[in-house]
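Given next are the chains, with one letter for each unit.
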Amino acid sequence: MHWDNARYFLAIARAGTLRAAARALNVDQATVGRRLAALERTLDARLFLRTPTAYVLTPAGEALRTPAEAMERAAIQMEQRVMGLDRRLTGTVRVATTDALGKRFVLPAIARLREEHPGIEVSCLMSQDVANLSRRQADLAVRTARPGAPDQIVRRLATLQTGLYASRAYLRSRDVPVSGSGMAGHDLIGSIQGEAPTAFCGESIANGRIVLKVSTTIALVDAAAQGLGIAELPCYRADAEADLVRLIPERADDFDVWLVSHADLHRTARVQALISKLVAEFETASGR
């Protein structure tokens, strides 16, 4: 079986419909259907049950999935190793990060890279989701969670802080919270991600009320700046907002920022060029 056929098969298996698989492959739905039909004729086996809502793997399809995924890993590894030998300061680098880290650190680093190496193009994916470097969703990632994959090179870029913040407008109508009060009488802004918090920066919020949950850090900062309540925010972002005031300054949490790259791509010249700019940007921000 050719890898290209396996690629279409895996896209359908993962997406569940021809339409979703076509979007993932950036082709039209008819092409996906033709490829699947051709593969089933070649193997003389029905790989999916066609239900009204989804394509479901048959036993033959289940048996095919593991070797198809092995072909995928081999194809990606071949591409990565060839790219790792590429010494040209041209081409595309894909970097994944969050919206807040992207705005403050990654985009300025990209600007400096483009000034020095205009032949390098950058695709910057800003999302709360963690990009899968092994599947080439990105070449580099700047993230706050340290990965444990053995095929990835990991470097700590910085240790940053979060603190408690509210807008001046919010504080004009409320007393400034004091440590140990459990945020009594205060509105709070939280994140949709993860479990419901019991504390912000180690300060109990048991007596406060979460009035808004948002999905991104930038939305969290904007909501606090609009006077909607108190939020736990990264200091590098909140301190840049003139209308935000830091509360209970002794309350702070540290968090690490990690640079992650795939081992086979780490030596690529254009990847190294972006890495150097990212490292310099974080060193400047940290005063090192």
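The coordinates are above.
Residues numbered from 1 in each chain as written. Predicted model: local features only at pLDDT ≥ 70, side-chain atom pairs only at ≥ 80, totals over all residues. Heavy atoms only, no water.

Description of unusual backbone geometry
Of note in this structure, Asn26 is not a glycine but carries a positive phi near 60°. For Asn26, the location among the structural elements is in the loop between helix 2 (18–25) and helix 3 (29–43). Even without glycine at this site, Cys201 takes up a positive phi of about 55°. Structurally, Cys201 can be placed in the loop between strand 8 (199–200) and strand 9 (203–204). (Helix = DSSP H or I, 4+ residues; strand = E, 2+ residues; numbered from the N terminus.)

Some words on helix 2
Those residues of helix 2 that sit buried are Leu18, Ala20, Ala21, Ala22 and Leu25. Backbone geometry just downstream of helix 2 places Asn26 in the positive-phi region, at approximately 60°. (Buried < 20%, exposed > 50% of the residue type's maximum accessible area, 1.4 Å probe, protein only.)

Observations concerning the pattern of salt bridges
Under the definition given, this model contains 13 salt bridges. The salt bridge partner of Asp187 is Arg174, with a shortest N-O separation of 2.9 Å. Residue Asp187 is located in strand 7 (residues 187–191), and its partner Arg174 is located in the loop between helix 6 (168–172) and strand 7; the two are separated by 13 residues in the primary sequence. According to the relative accessible area criterion, Asp187 is buried, its value standing at 13%. The salt bridge partner of Arg237 is Glu241, with a shortest N-O separation of 3.0 Å. Residue Glu241 is classed as partly exposed on the basis of its relative accessible area of 23%. Connected via shared salt-bridge partners are Arg14, Arg65, Glu69 and Glu72. (Salt bridge = Lys/Arg side-chain N within 4 Å of Asp/Glu carboxyl O.)

Observations concerning the packing of aromatic side chains
A ring pair, where both rings are aromatic, is described by two values, the distance of the centres and the angle of the planes. In the structure shown here, the tally under the stated rule is four aromatic pairs. Ring centres of Phe105 and Phe282 lie 4.2 Å apart, and the angle between their planes is 15°; on these two criteria the pair is classed as stacked. Here Phe105, found in helix 5 (residues 99–116), pairs with Phe282, found in helix 9 (residues 269–286); they are 177 residues apart in sequence, far enough to count as distant. The class of Phe282 is buried, set by a relative accessible area of 0%. (Phe/Tyr/Trp six-rings, centres within 6.5 Å; stacked < 30°, edge-to-face > 60°.)

Some remarks on the nonpolar core
If you look at the biggest cluster of nonpolar residues, it comprises 26 residues, and the most contacted ones within it are Leu140, Val142, Val257, Leu274, Leu278 and Phe282. Listing elements by their share of this core, those giving two or more residues are strand 3 (91–97), helix 5, strand 5 (140–143), strand 6 (152–167), strand 13 (253–262) and helix 9. Split by domain, the residues of this core number at least three in each of domain 2 (91–141 + 264–286) and domain 3 (160–256). Discounting residues that sit within four places of it in the chain, Leu274 has contacts with Val93, Val95, Ile110, Leu113 and Leu140. Among the nonpolar cores identified, the runner-up in size contains 19 residues, and Ile12, Leu18, Leu25 and Leu64 belong to it. (Core = buried A, V, L, I, M, F, W, Y, C linked by side-chain atoms within 4.5 Å. Domains from an automatic or database assignment. Contact = heavy atoms within 4.5 Å.)

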